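# Architecture and fold: a report
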Amino acid sequence: MALTKAELAESLYFELGLNKREAKDLVDQFFEGIRECLENGRDVKLSGFGNFTLRQKGERPGRNPRTGELIPITPRRVVTFKPGQKLKLRVESYGGDNP
Amino acid sequence: MTDNNDKQPMTKSELIDALSMEQRHLAHKDVELAVKTILEQMSDALATGERIEIRGFGSFSLHFRAPRTGRNPKSGDTVELSGKHVPHFKPGKDLRERVNKDFE
């Protein structure tokens, strides 16, 4: 089982008493807000959780995995996530199998 | 690979303010509580080994780092480091495309 937007909205409904529409909208807008910011070239820092950072990558050689043909990978901008100290410490002690 | 960023990063409180502007019928403190609840639930999920899947945004999962022998940089002594899990984020298709759209 994975945590999804539906479950996040459920907790806003049960724990904070938002109505279902408000809860769903807020969860949607939360992720949209982060996406929009990254799209506009700004990093996002959520203290206690982690930072979403933009990186620019230059052109590099790649291969078509099917044909083996050499093709350049175009320069691009990608998002990386760096977990915060608090999240790292909480996750580190998880002893189960990889999900 | 270079860092591109000259703009100030967006912080949690700024995100809360922005959401608050869109959800005008909700009190600012309720939006603040909602954002904290979302992040808390996401952290709880990862801390118990559960994946997070947000369509169009991305997924979070745990990666395992194998046990290894490290060194104390000061004394040079070897130390046995146990295996551990670290959070990992894989951006979804929509996020990847939107972030990259001015670069193609």
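Anything mentioned here points back to the structure above.
Description of the structure in this document. (Residues numbered from 1 in each chain as written. Chains lettered and ligands numbered in written order. Predicted model: local features only at pLDDT ≥ 70, side-chain atom pairs only at ≥ 80, totals over all residues. Heavy atoms only, no water.)

What follows concerns the pairing of strand β5 (residues 68-71) of chain B. Two faces, one strand: in a regular strand the side chains alternate between the faces of the sheet. Residues and elements named next belong to chain B. One ladder, built from four bridges, connects β5 with strand β6 (residues 78-81); its direction is antiparallel. Within β6, the position partnered with G70 by the bridge is V79. Hairpin connection from β5 to β6: six residues lie between these consecutive antiparallel strands, with G76 at a positive phi of about 80 degrees. (Pairing = 2+ DSSP bridges. Helix = DSSP H or I, 4+ residues; strand = E, 2+ residues; numbered from the N terminus.)

Attention now goes to the pattern of salt bridges. Residue and element names in this part refer to chain B. Per the counting criterion, the structure on display carries 17 salt bridges over all chains. For E32, the salt bridge identified is with K36, shortest N-O distance 3.2 Å. Pair noted here: E32 and K36 are both in helix α2 (residues 28-47), with a separation of four residues, about one helical turn. Judged by relative accessible area, K36 falls into the partly exposed class, the value being 38%. E97 is the partner of K93 in a salt bridge, and the nearest nitrogen-oxygen pair spans 3.1 Å. You can see K93 and its partner E97 sitting in helix α3 (residues 93-100), four residues apart, about one turn around the helix. (Salt bridge = Lys/Arg side-chain N within 4 Å of Asp/Glu carboxyl O. Buried < 20%, exposed > 50% of the residue type's maximum accessible area, 1.4 Å probe, protein only.)

Many analyses report the size of an interface as the accessible area lost when the parts associate. With 58 residues of chain A at the contact, the number on the chain B side is 61 residues. Each partner contributes to the roughly 5,900 Å² buried at the junction of chain A and chain B, and carbon and sulfur atoms together form 62% of this total. The largest share of the area that chain A buries against chain B comes from L3(A), R35(A) and Q56(A), three residues that together contribute 12% of it. Remark: the boundary between chain A and chain B carries eight salt bridges. E14(B) serves as the salt-bridge partner of R42(A), at 3.0 Å between the closest nitrogen and oxygen. In this assembly, chain A and chain B are joined by 22 residue pairs in polar contact (both at pLDDT 80 or more). (Contact = heavy atoms within 4.5 Å. Buried area = accessible area lost by both parts, 1.4 Å probe. Polar contact = N/O pair within 3.5 Å; in protein donor to acceptor, adjacent residues only side chain to side chain.)

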